[in-house]
Amino acid sequence: MRTITEIIIHCTATRPNAICTVESIRRYHRSLGWRDIGYHYVIYPDGSVHAGRPVEQPGAHTEGHNAHSIGIAYVGGLNADGHAADTRTEAQRLALLQLVKDLKEEHPITSIHGHNEYAAKACPCFSVQQWRKENNL
């Protein structure tokens, strides 16, 4: 098993009511030439958490950080006009918090970041560092 020390949070950059599933993301990522979906977990608007790429395998979600991280994406990130926005539902907020807490118990996590801390992107469309502080993570 690889050593996992970091969690990186993403959004799928999709509008409300878009059909976005692990399988649709997997198809898209494979169309880019990737071996599998880049994320380890995807959180749907109803708060359900779905497995993507096996945690035992490095992800393909943040260049330079995949070897020792877990990538989590929530479905959303764009408002109806297509602009970047924190569109997490209350169910997604709760599920993300619980998933991160669970992963911290399972792995020696030393840092939690948003994709936008490593790339010139809005993703995940909220401040992960502020969220960490608010939730004592």
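Our subject is the structure listed above.
Keep in mind it's a predicted model, so treat the numbers as computed, not measured.

Caption draft 1: Focus on unusual backbone geometry. With an omega dihedral of 15°, the bond running from C123 to P124 counts as a cis peptide bond. Residue placement: P124 occurs in the loop between β5 (111–114) and α3 (128–134). If you check the backbone angles, A13 has positive phi at about 55° while not being a glycine. The residue A13 is located in the loop between β1 (6–11) and α1 (22–31) in this model. For N17, which is not glycine, the phi dihedral falls at a positive 70°. You can see N17 is positioned in the loop between β1 and α1. N17 sits in the exposed class, given a relative accessible area of 78%.

Caption draft 2: Summary view of the pattern of salt bridges. Under the counting rule described, the total for this entry stands at five salt bridges. A cluster of three or more residues bridged by salt bridges with shared partners is formed by E23, R26, R30 and D36.

Caption draft 3: Here's a closer look at helix α2 (residues 90–106). Given a rise of 1.5 Å per residue, 17 residues ought to cover 24 Å, and the 25 Å separating the end C-alpha atoms of α2 matches this to within 8%. Restricting attention to buried positions, one finds in α2 the residues Q92, A95, L96, L97, L99, V100 and L103. Residues of α2 that are buried sit in contact with β1, β2 (41–43), β3 (49–51), β4 (69–74), β5 and α3.

Caption draft 4: Representation of the packing of aromatic side chains in the model. Going through the model one piece at a time under the given rule, you end up with two aromatic pairs. Arranged with centres 6.3 Å apart and planes meeting at 50°, the rings of Y74 and F126 form a pair that is tilted. With a gap of 52 residues between them, Y74 in strand β4 and F126 in the loop between β5 and α3 connect regions that are remote in the sequence. Given the relative accessible area of 3%, Y74 is considered buried. With relative accessibility at 9%, the residue F126 sits in the buried group. For the pair F126 and W131, a centre-to-centre distance of 6.2 Å together with 75° between the ring planes defines the contact as edge-to-face. Through successive ring pairs, a cluster of aromatic residues spans Y74, F126 and W131.

Caption draft 5: Just the side chain of H61, in detail. In this fold, H61 is placed in the loop between β3 and β4. In this structure the side chain of H61 is engaged in a polar contact, spanning 3.1 Å, whose partner is the side chain of H10. Setting aside chain neighbours within four positions, we find H61 in contact with I8, H10, G38, Y39, H40, N66, S69, I70, G71 and H115.

Caption draft 6: Quick peek at the environment of E63. Within the fold, E63 resides in the loop between β3 and β4. You can call E63 exposed: its relative accessible area is 78%. With 44 residues separating them in the primary sequence, E63 and I19 have C-alpha atoms 26 Å apart.

Reading the values: rules and limits
- Residues numbered from 1 in each chain as written.
- Predicted model: local features only at pLDDT ≥ 70, side-chain atom pairs only at ≥ 80, totals over all residues.
- Heavy atoms only, no water.
- Helix = DSSP H or I, 4+ residues; strand = E, 2+ residues; numbered from the N terminus.
- Buried < 20%, exposed > 50% of the residue type's maximum accessible area, 1.4 Å probe, protein only.
- Salt bridge = Lys/Arg side-chain N within 4 Å of Asp/Glu carboxyl O.
- Expected span 1.5 Å × (residues − 1).
- Contact = heavy atoms within 4.5 Å.
- Phe/Tyr/Trp six-rings, centres within 6.5 Å; stacked < 30°, edge-to-face > 60°.
- Polar contact = N/O pair within 3.5 Å; in protein donor to acceptor, adjacent residues only side chain to side chain.

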